[in-house]
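# Working through the structure, step by step
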Amino acid sequence: MRILFLSPRLCLPLLTGARIREYYLARALAQHADVTYVSFIQPGFPEPDATELGFFSEVFLVPLLGRYGLKKIVRGLTGRQPLSVLNYTTDEMTSVITAIAARNRFDLVHLDSCHMVEYVPLIETLWQSPARTVYDWHNIESELMRRYAANVNSLPKKVYANLTAKRLASLEKQILGSGFGHVVCSAREKEKLLAIAPGARITVIENGVDTERFAPTAEAVPRQRLVYVGAMDFHANIDAACWFTRHAWPAIHQRFPEWRLTLIGSNPAASVRELAREPNVEVTGTVPDVVPYYRDALAAIVPLRTGGGTRLKILEAMAAGVPVVSSRQGAEGLAVSPGQDIEVLDDDSGWLPALTAIATEPGLWHARSLAGLALVRAHYDWRLLGERLYEEYRAWLVSAAV
(Lines give C-alpha, C1' and ligand atoms only; values in the text may rest on other atoms or scores of the structure.)
Protein backbone atom coordinates (compact mmCIF):
# COMPACT_ATOMS: atom_id res chain seq x y z
CA MET A 1 0.00 0.00 0.00
CA ARG A 2 1.33 3.45 -0.96
CA ILE A 3 0.05 6.42 1.04
CA LEU A 4 0.59 10.15 0.53
CA PHE A 5 0.17 11.67 4.00
CA LEU A 6 -0.57 15.43 3.99
CA SER A 7 -0.57 17.40 7.23
CA PRO A 8 -0.95 21.08 8.19
CA ARG A 9 1.50 20.57 11.07
CA LEU A 10 4.74 18.73 11.73
CA CYS A 11 3.93 15.81 14.03
CA LEU A 12 6.93 16.59 16.26
CA PRO A 13 7.53 17.61 18.98
CA LEU A 14 4.71 15.73 20.75
CA LEU A 15 3.32 18.81 22.52
CA THR A 16 -0.31 18.86 21.40
CA GLY A 17 -3.09 16.34 20.99
CA ALA A 18 -3.19 16.82 17.23
CA ARG A 19 0.53 16.13 16.85
CA ILE A 20 0.38 13.11 19.13
CA ARG A 21 -2.52 11.54 17.23
CA GLU A 22 -0.89 12.23 13.88
CA TYR A 23 2.51 10.88 14.92
CA TYR A 24 1.31 7.57 16.34
CA LEU A 25 -1.17 6.81 13.56
CA ALA A 26 1.28 7.79 10.81
CA ARG A 27 3.99 5.67 12.41
CA ALA A 28 1.63 2.70 12.62
CA LEU A 29 0.71 3.03 8.95
CA ALA A 30 4.39 3.27 8.01
CA GLN A 31 5.08 -0.08 9.70
CA HIS A 32 2.96 -1.78 7.03
CA ALA A 33 2.81 0.66 4.11
CA ASP A 34 5.01 2.91 1.99
CA VAL A 35 4.21 6.36 3.42
CA THR A 36 5.36 9.65 1.93
CA TYR A 37 4.96 12.34 4.60
CA VAL A 38 4.39 15.99 3.63
CA SER A 39 3.73 18.66 6.24
CA PHE A 40 4.12 22.30 7.05
CA ILE A 41 6.68 23.31 9.65
CA GLN A 42 6.14 26.50 11.59
CA PRO A 43 8.92 29.10 11.84
CA GLY A 44 11.17 28.44 14.80
CA PHE A 45 10.32 24.76 15.04
CA PRO A 46 13.40 22.52 15.09
CA GLU A 47 13.65 20.22 12.11
CA PRO A 48 13.70 16.57 13.21
CA ASP A 49 16.79 14.58 12.45
CA ALA A 50 16.71 11.66 10.06
CA THR A 51 16.11 9.06 12.77
CA GLU A 52 13.05 10.74 14.31
CA LEU A 53 10.94 10.28 11.18
CA GLY A 54 12.97 7.47 9.67
CA PHE A 55 9.96 5.15 9.46
CA PHE A 56 8.59 7.16 6.50
CA SER A 57 9.72 6.42 2.95
CA GLU A 58 10.16 10.12 2.20
CA VAL A 59 9.68 13.29 4.24
CA PHE A 60 8.99 16.79 2.89
CA LEU A 61 8.74 19.73 5.32
CA VAL A 62 7.47 23.04 3.94
CA PRO A 63 7.84 26.34 5.87
CA LEU A 64 4.48 27.78 6.88
CA LEU A 65 4.49 31.42 5.86
CA GLY A 66 1.91 34.18 5.68
CA ARG A 67 -0.73 32.92 8.12
CA TYR A 68 -3.38 35.46 9.08
CA GLY A 69 -2.17 37.98 6.53
CA LEU A 70 -4.60 40.76 5.64
CA LYS A 71 -5.25 39.33 2.19
CA LYS A 72 -6.14 35.92 3.59
CA ILE A 73 -8.36 37.40 6.30
CA VAL A 74 -10.31 39.35 3.68
CA ARG A 75 -10.65 36.22 1.53
CA GLY A 76 -11.81 34.34 4.60
CA LEU A 77 -14.56 36.91 5.03
CA THR A 78 -15.61 37.16 1.40
CA GLY A 79 -14.53 33.96 -0.36
CA ARG A 80 -15.81 30.40 -0.38
CA GLN A 81 -13.08 28.87 1.78
CA PRO A 82 -12.66 29.57 5.50
CA LEU A 83 -9.48 31.16 6.80
CA SER A 84 -8.50 27.90 8.49
CA VAL A 85 -8.10 26.39 4.99
CA LEU A 86 -6.59 29.47 3.33
CA ASN A 87 -3.85 29.62 5.97
CA TYR A 88 -2.58 26.25 4.74
CA THR A 89 -2.89 26.92 1.02
CA THR A 90 0.47 28.27 -0.12
CA ASP A 91 2.54 28.44 -3.28
CA GLU A 92 5.40 26.63 -1.55
CA MET A 93 3.26 23.63 -0.61
CA THR A 94 1.64 23.62 -4.06
CA SER A 95 5.08 23.30 -5.67
CA VAL A 96 6.12 20.42 -3.40
CA ILE A 97 2.90 18.45 -3.88
CA THR A 98 3.00 19.06 -7.63
CA ALA A 99 6.49 17.56 -7.83
CA ILE A 100 5.52 14.53 -5.75
CA ALA A 101 2.22 13.81 -7.49
CA ALA A 102 3.74 14.29 -10.95
CA ARG A 103 6.15 11.38 -10.43
CA ASN A 104 4.12 9.11 -8.11
CA ARG A 105 0.70 7.49 -7.87
CA PHE A 106 -0.60 6.55 -4.45
CA ASP A 107 -3.30 4.12 -3.34
CA LEU A 108 -4.54 6.58 -0.73
CA VAL A 109 -4.11 10.28 0.00
CA HIS A 110 -4.47 10.78 3.76
CA LEU A 111 -5.36 14.35 4.73
CA ASP A 112 -4.86 15.07 8.40
CA SER A 113 -7.94 17.30 8.83
CA CYS A 114 -9.73 19.34 6.19
CA HIS A 115 -7.15 22.14 6.20
CA MET A 116 -5.25 20.58 3.26
CA VAL A 117 -8.30 20.13 1.06
CA GLU A 118 -7.26 22.65 -1.61
CA TYR A 119 -4.48 20.31 -2.77
CA VAL A 120 -6.89 17.53 -3.76
CA PRO A 121 -7.97 19.11 -7.11
CA LEU A 122 -4.29 19.70 -7.91
CA ILE A 123 -3.44 16.02 -7.39
CA GLU A 124 -6.46 14.84 -9.36
CA THR A 125 -5.56 17.14 -12.25
CA LEU A 126 -2.04 15.73 -12.36
CA TRP A 127 -3.32 12.16 -12.21
CA GLN A 128 -6.25 12.87 -14.52
CA SER A 129 -8.40 10.71 -12.25
CA PRO A 130 -10.05 10.90 -8.81
CA ALA A 131 -7.76 10.41 -5.82
CA ARG A 132 -8.80 8.09 -3.01
CA THR A 133 -8.77 10.74 -0.30
CA VAL A 134 -9.15 9.87 3.37
CA TYR A 135 -9.74 12.60 5.94
CA ASP A 136 -8.77 12.24 9.60
CA TRP A 137 -11.23 14.43 11.52
CA HIS A 138 -9.46 15.48 14.71
CA ASN A 139 -12.62 17.45 15.40
CA ILE A 140 -15.75 18.42 13.57
CA GLU A 141 -14.29 21.83 12.80
CA SER A 142 -17.61 23.61 12.26
CA GLU A 143 -18.85 22.38 15.64
CA LEU A 144 -15.64 23.55 17.29
CA MET A 145 -16.05 27.01 15.77
CA ARG A 146 -19.73 27.28 16.71
CA ARG A 147 -18.87 26.45 20.31
CA TYR A 148 -16.15 29.07 20.26
CA ALA A 149 -18.59 31.65 18.92
CA ALA A 150 -21.07 30.82 21.69
CA ASN A 151 -18.46 31.45 24.41
CA VAL A 152 -16.33 34.33 23.14
CA ASN A 153 -17.22 37.79 24.50
CA SER A 154 -15.89 39.88 21.63
CA LEU A 155 -18.65 40.75 19.12
CA PRO A 156 -16.29 40.93 16.09
CA LYS A 157 -14.80 37.53 17.01
CA LYS A 158 -18.28 36.08 17.53
CA VAL A 159 -19.46 37.30 14.10
CA TYR A 160 -16.30 36.05 12.39
CA ALA A 161 -16.48 32.70 14.15
CA ASN A 162 -20.11 32.16 13.17
CA LEU A 163 -19.32 33.02 9.56
CA THR A 164 -16.34 30.64 9.59
CA ALA A 165 -18.49 27.91 11.14
CA LYS A 166 -20.95 28.17 8.23
CA ARG A 167 -18.12 27.97 5.68
CA LEU A 168 -16.63 24.98 7.48
CA ALA A 169 -20.00 23.21 7.58
CA SER A 170 -20.34 23.68 3.83
CA LEU A 171 -16.82 22.36 3.28
CA GLU A 172 -17.45 19.38 5.54
CA LYS A 173 -20.56 18.45 3.61
CA GLN A 174 -18.55 18.66 0.39
CA ILE A 175 -15.73 16.38 1.54
CA LEU A 176 -18.16 13.91 3.11
CA GLY A 177 -19.64 13.50 -0.34
CA SER A 178 -16.39 13.37 -2.28
CA GLY A 179 -13.94 11.65 0.08
CA PHE A 180 -13.07 7.99 -0.29
CA GLY A 181 -13.19 7.54 3.49
CA HIS A 182 -13.20 9.34 6.81
CA VAL A 183 -11.64 8.66 10.22
CA VAL A 184 -13.20 10.17 13.35
CA CYS A 185 -12.30 10.08 17.03
CA SER A 186 -15.61 8.94 18.51
CA ALA A 187 -18.91 7.22 17.79
CA ARG A 188 -20.66 10.49 18.56
CA GLU A 189 -18.85 12.24 15.73
CA LYS A 190 -19.51 9.36 13.35
CA GLU A 191 -23.22 9.59 14.10
CA LYS A 192 -23.26 13.35 13.50
CA LEU A 193 -21.45 13.02 10.16
CA LEU A 194 -23.63 10.14 8.96
CA ALA A 195 -26.65 12.36 9.62
CA ILE A 196 -25.17 14.77 7.06
CA ALA A 197 -23.99 12.13 4.57
CA PRO A 198 -25.59 8.71 5.21
CA GLY A 199 -23.57 7.06 2.45
CA ALA A 200 -20.15 8.19 3.66
CA ARG A 201 -17.52 5.59 4.55
CA ILE A 202 -16.60 6.43 8.16
CA THR A 203 -14.62 4.53 10.76
CA VAL A 204 -13.91 5.35 14.40
CA ILE A 205 -10.26 5.32 15.47
CA GLU A 206 -10.21 6.82 18.92
CA ASN A 207 -7.49 8.97 20.36
CA GLY A 208 -4.97 6.93 22.28
CA VAL A 209 -2.00 6.92 24.59
CA ASP A 210 1.44 5.36 24.76
CA THR A 211 0.73 3.23 27.81
CA GLU A 212 4.36 2.14 28.22
CA ARG A 213 5.64 5.71 28.33
CA PHE A 214 3.11 6.81 30.95
CA ALA A 215 3.12 3.63 33.05
CA PRO A 216 3.01 4.52 36.77
CA THR A 217 5.81 3.59 39.13
CA ALA A 218 5.38 1.71 42.39
CA GLU A 219 7.07 4.52 44.34
CA ALA A 220 4.85 5.96 47.09
CA VAL A 221 4.99 9.76 47.16
CA PRO A 222 2.82 12.47 48.75
CA ARG A 223 0.19 13.51 46.22
CA GLN A 224 -0.73 17.16 46.62
CA ARG A 225 -0.85 18.36 43.02
CA LEU A 226 -3.76 18.97 40.64
CA VAL A 227 -2.68 19.03 37.00
CA TYR A 228 -4.33 20.45 33.93
CA VAL A 229 -2.53 19.69 30.67
CA GLY A 230 -3.14 21.29 27.28
CA ALA A 231 -1.76 23.75 24.74
CA MET A 232 -2.24 27.02 26.60
CA ASP A 233 -2.55 29.11 23.46
CA PHE A 234 -5.67 27.20 22.36
CA HIS A 235 -8.87 29.08 23.16
CA ALA A 236 -10.66 26.17 24.84
CA ASN A 237 -7.73 25.49 27.20
CA ILE A 238 -7.28 29.19 27.96
CA ASP A 239 -10.95 29.46 28.90
CA ALA A 240 -10.82 26.30 31.03
CA ALA A 241 -7.63 27.27 32.89
CA CYS A 242 -8.84 30.79 33.63
CA TRP A 243 -12.32 29.71 34.69
CA PHE A 244 -11.11 26.96 37.01
CA THR A 245 -8.41 29.08 38.64
CA ARG A 246 -10.69 32.08 39.18
CA HIS A 247 -13.89 30.27 40.17
CA ALA A 248 -13.22 26.74 41.44
CA TRP A 249 -9.69 26.90 42.81
CA PRO A 250 -10.25 29.44 45.67
CA ALA A 251 -12.60 27.09 47.58
CA ILE A 252 -10.35 24.08 46.87
CA HIS A 253 -7.27 25.98 48.07
CA GLN A 254 -9.10 27.07 51.22
CA ARG A 255 -10.03 23.45 52.02
CA PHE A 256 -6.61 22.02 51.06
CA PRO A 257 -4.04 24.83 51.45
CA GLU A 258 -1.13 22.43 50.90
CA TRP A 259 -2.28 21.53 47.36
CA ARG A 260 -0.74 23.05 44.22
CA LEU A 261 -2.55 23.66 40.93
CA THR A 262 -0.18 23.11 37.99
CA LEU A 263 -1.17 24.32 34.52
CA ILE A 264 1.03 22.56 31.97
CA GLY A 265 1.15 23.46 28.31
CA SER A 266 3.01 25.23 25.55
CA ASN A 267 2.84 28.93 24.72
CA PRO A 268 0.61 30.09 27.59
CA ALA A 269 -1.43 33.15 26.70
CA ALA A 270 -1.00 36.31 28.80
CA SER A 271 -4.24 35.58 30.65
CA VAL A 272 -2.91 32.14 31.59
CA ARG A 273 0.49 33.45 32.68
CA GLU A 274 -1.28 35.88 35.01
CA LEU A 275 -2.82 32.94 36.87
CA ALA A 276 0.58 32.23 38.44
CA ARG A 277 -0.12 35.17 40.77
CA GLU A 278 -2.91 33.20 42.44
CA PRO A 279 -2.08 31.23 45.62
CA ASN A 280 -0.32 27.92 44.93
CA VAL A 281 -0.85 28.14 41.17
CA GLU A 282 2.02 27.17 38.85
CA VAL A 283 2.12 27.89 35.10
CA THR A 284 4.92 25.85 33.55
CA GLY A 285 4.82 26.73 29.88
CA THR A 286 6.42 24.10 27.64
CA VAL A 287 7.92 21.18 29.54
CA PRO A 288 10.23 18.52 28.08
CA ASP A 289 8.06 15.74 29.51
CA VAL A 290 4.70 15.77 31.31
CA VAL A 291 5.22 12.35 32.90
CA PRO A 292 7.10 13.63 36.00
CA TYR A 293 4.19 15.93 36.83
CA TYR A 294 1.85 12.96 37.07
CA ARG A 295 4.13 11.17 39.55
CA ASP A 296 2.90 13.28 42.51
CA ALA A 297 -0.52 14.25 41.14
CA LEU A 298 -3.59 13.62 43.25
CA ALA A 299 -5.84 14.15 40.24
CA ALA A 300 -5.94 15.45 36.69
CA ILE A 301 -8.67 18.03 36.07
CA VAL A 302 -10.36 18.74 32.73
CA PRO A 303 -12.62 21.78 33.26
CA LEU A 304 -13.35 22.35 29.57
CA ARG A 305 -16.44 24.37 28.68
CA THR A 306 -15.93 24.51 24.91
CA GLY A 307 -13.90 22.75 22.20
CA GLY A 308 -14.41 19.45 20.44
CA GLY A 309 -12.92 16.04 19.75
CA THR A 310 -11.71 13.69 22.46
CA ARG A 311 -9.13 14.47 25.10
CA LEU A 312 -5.75 12.81 25.01
CA LYS A 313 -5.04 14.52 28.34
CA ILE A 314 -7.62 12.23 29.99
CA LEU A 315 -6.08 9.10 28.49
CA GLU A 316 -2.56 10.15 29.45
CA ALA A 317 -3.60 10.77 33.06
CA MET A 318 -5.29 7.37 33.21
CA ALA A 319 -2.23 5.68 31.73
CA ALA A 320 -0.17 7.35 34.48
CA GLY A 321 -2.54 5.93 37.09
CA VAL A 322 -3.92 9.35 38.06
CA PRO A 323 -7.67 9.75 38.72
CA VAL A 324 -9.48 12.18 36.41
CA VAL A 325 -12.19 14.70 37.28
CA SER A 326 -13.79 16.27 34.22
CA SER A 327 -16.63 18.40 33.01
CA ARG A 328 -19.11 16.69 30.70
CA GLN A 329 -17.67 18.67 27.80
CA GLY A 330 -14.17 17.48 28.70
CA ALA A 331 -15.07 13.79 28.75
CA GLU A 332 -17.07 13.96 25.54
CA GLY A 333 -16.46 11.16 23.05
CA LEU A 334 -14.63 8.76 25.37
CA ALA A 335 -16.02 5.36 26.31
CA VAL A 336 -15.62 6.04 30.01
CA SER A 337 -17.81 4.96 32.94
CA PRO A 338 -18.48 7.90 35.27
CA GLY A 339 -18.21 6.88 38.88
CA GLN A 340 -15.92 3.98 38.00
CA ASP A 341 -12.91 5.00 35.89
CA ILE A 342 -13.55 8.77 35.88
CA GLU A 343 -15.51 11.40 37.76
CA VAL A 344 -17.71 13.48 35.43
CA LEU A 345 -19.38 16.54 36.93
CA ASP A 346 -22.96 17.56 36.19
CA ASP A 347 -22.34 21.21 37.09
CA ASP A 348 -19.65 23.61 38.27
CA SER A 349 -20.48 23.12 41.96
CA GLY A 350 -19.06 19.60 41.95
CA TRP A 351 -15.31 20.28 41.81
CA LEU A 352 -14.64 20.59 45.54
CA PRO A 353 -16.82 17.62 46.59
CA ALA A 354 -15.34 15.34 43.92
CA LEU A 355 -11.74 16.20 44.76
CA THR A 356 -12.42 15.99 48.49
CA ALA A 357 -13.79 12.47 48.03
CA ILE A 358 -10.74 11.35 46.07
CA ALA A 359 -8.44 12.79 48.73
CA THR A 360 -10.25 11.53 51.82
CA GLU A 361 -12.39 8.45 51.12
CA PRO A 362 -10.42 5.27 51.86
CA GLY A 363 -9.59 3.28 48.75
CA LEU A 364 -11.30 5.64 46.29
CA TRP A 365 -8.07 7.06 44.84
CA HIS A 366 -6.68 3.58 44.15
CA ALA A 367 -9.99 2.32 42.73
CA ARG A 368 -10.18 5.19 40.22
CA SER A 369 -6.49 4.80 39.39
CA LEU A 370 -6.72 1.07 38.66
CA ALA A 371 -9.97 1.36 36.69
CA GLY A 372 -8.61 4.12 34.46
CA LEU A 373 -5.38 2.23 33.87
CA ALA A 374 -7.26 -0.93 32.89
CA LEU A 375 -9.46 1.02 30.47
CA VAL A 376 -6.64 2.65 28.51
CA ARG A 377 -4.55 -0.51 28.34
CA ALA A 378 -7.46 -2.51 26.95
CA HIS A 379 -8.94 0.01 24.52
CA TYR A 380 -6.77 3.09 23.97
CA ASP A 381 -3.20 1.92 23.41
CA TRP A 382 -1.81 3.54 20.24
CA ARG A 383 -0.44 0.21 19.00
CA LEU A 384 -3.91 -1.32 18.95
CA LEU A 385 -5.46 1.75 17.34
CA GLY A 386 -2.76 1.98 14.67
CA GLU A 387 -3.25 -1.65 13.69
CA ARG A 388 -7.00 -1.05 13.39
CA LEU A 389 -6.46 1.95 11.12
CA TYR A 390 -4.19 0.01 8.76
CA GLU A 391 -6.66 -2.88 8.60
CA GLU A 392 -9.49 -0.45 7.82
CA TYR A 393 -7.52 1.12 4.99
CA ARG A 394 -6.65 -2.31 3.59
CA ALA A 395 -10.29 -3.42 3.73
CA TRP A 396 -11.44 -0.23 2.03
CA LEU A 397 -9.02 -0.74 -0.84
CA VAL A 398 -10.04 -4.37 -1.23
CA SER A 399 -13.73 -3.44 -1.35
CA ALA A 400 -13.04 -0.70 -3.88
CA ALA A 401 -11.27 -3.18 -6.15
CA VAL A 402 -14.18 -5.63 -6.20
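It should be noted that the structure appears before, not after, this text.
The rules behind these values
- Residues numbered from 1 in each chain as written.
- Predicted model: local features only at pLDDT ≥ 70, side-chain atom pairs only at ≥ 80, totals over all residues.
- Heavy atoms only, no water.
- Helix = DSSP H or I, 4+ residues; strand = E, 2+ residues; numbered from the N terminus.
- Rg over C-alpha atoms; globule rule 2.2 N^0.38 Å.
- Buried < 20%, exposed > 50% of the residue type's maximum accessible area, 1.4 Å probe, protein only.
- Contact = heavy atoms within 4.5 Å.
- Salt bridge = Lys/Arg side-chain N within 4 Å of Asp/Glu carboxyl O.
- Phe/Tyr/Trp six-rings, centres within 6.5 Å; stacked < 30°, edge-to-face > 60°.
- Lys NZ or Arg CZ within 6 Å of the ring centre and 35° of its normal.
- Pairing = 2+ DSSP bridges.
- Right-handed = clockwise from strand over helix to strand, strands pointing away.
- Axes fitted to C-alpha atoms, helices over the stretch in contact; angles between N-to-C directions.

With that settled, consider the overall build of the protein. Helix and strand counts for the protein stand at 16 helices and 13 strands. Its C-alpha radius of gyration of 22 Å places the protein within 12% of the 21 Å reference for a compact globule of 402 residues. Summarising its shape, the C-alpha atoms of the protein cover approximately 65 × 45 × 45 Å along the three principal directions. The buried share of the protein, taken over its 402 residues, is 54%.

We now examine the side chain of Thr356. Mapped onto the elements, Thr356 comes out in helix H14 (residues 351-360). We classify Thr356 as buried; its relative accessible area is 17%. Residues in contact with Thr356, not counting those within four places in the same chain, are Arg255, Phe256 and Glu361.

Summed over the entire model, instances satisfying the criterion amount to 20 salt bridges. The closest approach of N and O atoms between Arg9 and Glu22, which form a salt bridge, is 2.7 Å. Placement of the pair is Arg9 in the loop between strand S1 (2-7) and helix H1 (17-30) and Glu22 in helix H1, with a sequence separation of 13 residues. Since its relative accessible area comes to 0%, Glu22 is described here as buried. For Asp239, the salt bridge goes to Arg305, with nearest N and O atoms at 2.7 Å. Of this pair, Asp239 sits in helix H10 (residues 235-255) while Arg305 sits in the loop between strand S11 (297-302) and helix H13 (312-319); the two residues are 66 residues apart in sequence, bridging distant segments of the chain. Exposure remark for Arg305: the relative accessible area of 35% places this residue in the partly exposed category.

Taken as a whole, this structure holds 13 aromatic pairs when the rule is applied. Centre to centre, the rings of Tyr23 and Phe55 are 5.8 Å apart; their planes meet at 75 degrees, and the pair counts as edge-to-face. Of the two residues, Tyr23 sits in helix H1 while Phe55 sits in the loop between strand S2 (34-41) and strand S3 (58-63), which places them 32 residues apart along the sequence. Residue Tyr23 is classed as buried on the basis of its relative accessible area of 11%. Residue class for Phe55 comes out partly exposed when judged on its relative accessible area of 24%. Centre to centre, the rings of Phe214 and Tyr294 are 6.2 Å apart; their planes meet at 65 degrees, and the pair counts as edge-to-face. A residue pair is termed long-range when its members are at least 10 positions apart, and Phe214 in helix H9 (residues 211-214) and Tyr294 in helix H12 (residues 291-295) qualify at 80 residues. Judged on exposure class, the residue Phe214 and its partner Tyr294 are both buried. Taking the ring centre of Phe106 as reference, the NZ or CZ of Arg2 above it sits at 5.0 Å. Stacked on the ring of Phe180, the Lys or Arg Arg201 has its end atom at 4.5 Å from the ring centre.

Let us look at the pairing of S1. Burial within S1 is extensive, with 5 of its 6 residues counted as buried. With 6 bridges joining them, S1 and S2 adopt parallel strand pairing. Considered in S2, the bridge of Leu4 is made with Thr36. On the question of chirality, the crossover connecting S1 to the parallel S2 by way of H1 is right-handed. For S1 and strand S4 (residues 108-112), the ladder comprises 4 bridges, and the chain directions are parallel. Bridging across to S4, Leu6 finds its partner in Leu111.

With that settled, the discussion passes to the sheet that holds strand S9 (residues 260-264). Taken in spatial order, the 6 strands of this open sheet run S10-S9-S8-S11-S12-S13, and their pairing is parallel. At either margin of the open sheet sits one strand with a lone partner, and together these are strand S10 (281-285) and strand S13 (343-345). Direction aside, neighbouring strands of the sheet carry axes that sit 25 degrees apart on average. Strand contacts of H10: strand S8 (225-229), S9, S10 and S11, with the helix running at about 180 degrees to S9, the strand carrying the most contacts.

A few words now on unusual backbone geometry. Backbone torsion omega between Leu12 and Pro13 reads -5 degrees, so that peptide bond is classified as cis. Counting through the fold element by element, Pro13 comes out in the loop between S1 and H1. Residue Asn267 is not a glycine yet carries a positive backbone phi of 50 degrees. You can see Asn267 is positioned in the loop between S9 and helix H11 (270-273).

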